[in-house]
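# Descriptive analysis of the structure
Residues per chain, in single letters:
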Amino acid sequence: MGYKELEDEDLTFMEKVQNNWNGFRKFMWNPEDRTVMGRGKKSWAKIGLFYFVLYSLLAGFWAVMLTIFLQTVSYDSPKWTAYVSTPALHSIIIPNDQLRLTWQPSDEDSVKRITKPLNKLYEDLENIDDTDLVDCTNLPVGSIDDGQRFCKFSVEMLGECNNPPYFGWDTLKPCIFIRLNRVFGWTPENYEALEDVPDRIKNVYMDNNIAVNCFPRRESDSANSNVNFTMPFPNAGIPFGFFPYVLGAYQMDQRDRLFQPVVAVQISLNRIEEINIECQAYTGNITPRQGLFDTDQESRTRFYLDPRE
């Protein structure tokens, strides 16, 4: 065992701390060699110049690449619009991560949980500044070149489903609120001929509207008459006048004035029993057009309603 080790063992804890502190101070500033952290003036000047040049070049390279990239980006429209070619249909109250909706009509907390998104929808409508909004109900589809059309939407169009705050969920006559996702630049088209209109919607289909229809997916539900569906509200569906969606990045401050139209369908359940429901949108060109993230299905949404006693 060396002399220094013996000497260190003889030191007290505080003496060791003092020695370490003195060593650290000398490392930070050595008055004998006039060095900082072991480096003199010339050494620090060389390494400082090296890193200054290195990071200046990196910053310049990044600035040039960013400038080139920004030349390819438009604030008027997305650069890529082929990922999703047609809008998907979704229910406002059905979370994206679940297909089954369970609730108790007699339990107020359960009903409030379900209807919270619907009441938020009504709040959004009340907060929209309707100054200069356009009645798009009878307007033809707009043009991308004309810019975004800001349309009025009245809750009176929701018929029997205009029934806040519970919207029928405190009974066995709940209302499902459905809307189409926004797809930049997509414009709906009418069917080319009356024969092309699916039988399921022939009694409600009107030109210049996207029809919506809900029905039980299982034949057993239809056969047992466990469920009845009202006509959608509005009856003809979503008017073409609300399309296209062409709100550019420079117009994001106006997004609060843009309301996505909804369609409401009242579902009357004859007894407490689970039911599998499908809703589908219909128009001449809503069939997917091979977008990168398109599915092989038309615009539809499926879910289970599972009321409990």
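Residues numbered from 1 in each chain as written. Predicted model: local features only at pLDDT ≥ 70, side-chain atom pairs only at ≥ 80, totals over all residues. Heavy atoms only, no water.

Throughout the structure, instances matching the rule amount to three disulfides. Linked covalently through their sulfurs, cysteine 136 and cysteine 151 form a disulfide whose S-S length is 1.9 Å. Across the S-S bond linking cysteine 136 and cysteine 151, the dihedral sits near -85°, which makes this disulfide left-handed. Remark: cysteine 151 occurs in the loop between α4 (108-127) and β3 (175-180) and cysteine 136 occurs in the loop between α4 and β3; sequence separation between them is 15 residues. You can call cysteine 136 buried: its relative accessible area is 0%. The side chain of cysteine 214 participates in a disulfide bridge whose partner is cysteine 279; the two sulfur atoms lie 1.9 Å from each other. (Disulfide = S-S within 2.5 Å. Helix = DSSP H or I, 4+ residues; strand = E, 2+ residues; numbered from the N terminus. Buried < 20%, exposed > 50% of the residue type's maximum accessible area, 1.4 Å probe, protein only.)

Right, let's talk about the sheet that holds strand β7 (residues 263-269) for a bit. Read from one edge to the other, the open sheet built from four strands follows the order β1-β3-β7-β5, with strand pairing classed as antiparallel. Edge positions in the open sheet fall to β1 (89-91) and β5 (227-229), since each of these has one partner strand only. Strand-to-strand twist across the sheet, computed as the mean angle between neighbouring axes with direction ignored, equals 30°. Across four bridges, β3 lies against β7 in antiparallel orientation. Following the sheet pairing, isoleucine 176 is matched in β7 by valine 265. (Pairing = 2+ DSSP bridges. Axes fitted to C-alpha atoms, helices over the stretch in contact; angles between N-to-C directions.)

For the bond running from proline 164 to proline 165, omega is 5°, close enough to zero to count as cis. One can find proline 165 in the loop between α4 and β3. The amide bond that connects phenylalanine 233 to the next residue, proline 234, takes the cis arrangement and shows omega of -5°. Backbone geometry at asparagine 208 places phi at a positive 65°, although glycine is not the residue there. Checked against the element boundaries, asparagine 208 lands in the loop between β3 and β4 (209-216).

On to the sheet that holds strand β6 (residues 238-239). The mixed open sheet is built from five strands, whose spatial order is β2-β9-β8-β4-β6. Edge positions in the sheet fall to β2 (100-103) and β6, since each has one partner strand and no second. As judged from the two bridges shared by β4 and β6, these two strands associate in the antiparallel manner. Looking across to β6, one finds that isoleucine 210 is bridged to isoleucine 238.

What follows is about the nonpolar core. Ranked by size, the top nonpolar core spans 58 residues in total, and within it Trp169, Phe177 and Leu305 carry the most contacts. In this structure, leucine 305 is in contact with Leu101, Trp103, Trp169, Pro174, Ile176, Ile267, Glu273, Glu274, Ile275 and Ile277, ignoring residues within four places of it in sequence. With eight residues, the next largest nonpolar core counts Val197, Ile201, Tyr205 and Phe215 among its residues. (Core = buried A, V, L, I, M, F, W, Y, C linked by side-chain atoms within 4.5 Å. Contact = heavy atoms within 4.5 Å.)

The next thing to look at is the side chain of threonine 301. Structurally, the position occupied by threonine 301 is in strand β9 (residues 300-307). Those residues in contact with threonine 301 that lie beyond four places of it in its chain are Leu89, His90, Ser91, Ile277, Glu278 and Cys279.

By the definition in use, this model includes 11 aromatic pairs. Ring centres of tyrosine 191 and tyrosine 205 lie 5.3 Å apart, and the angle between their planes is 70°; this geometry places the pair in the edge-to-face category. Taken as a pair, tyrosine 191 in the loop between β3 and β4 and tyrosine 205 in the loop between β3 and β4 lie far apart in primary sequence, 14 residues in all. Each member of the pair, tyrosine 191 as well as tyrosine 205, is classed as buried. Of note, arginine 179 hangs over the ring of phenylalanine 259, and the distance from its end group to the ring centre comes to 5.5 Å. (Phe/Tyr/Trp six-rings, centres within 6.5 Å; stacked < 30°, edge-to-face > 60°. Lys NZ or Arg CZ within 6 Å of the ring centre and 35° of its normal.)

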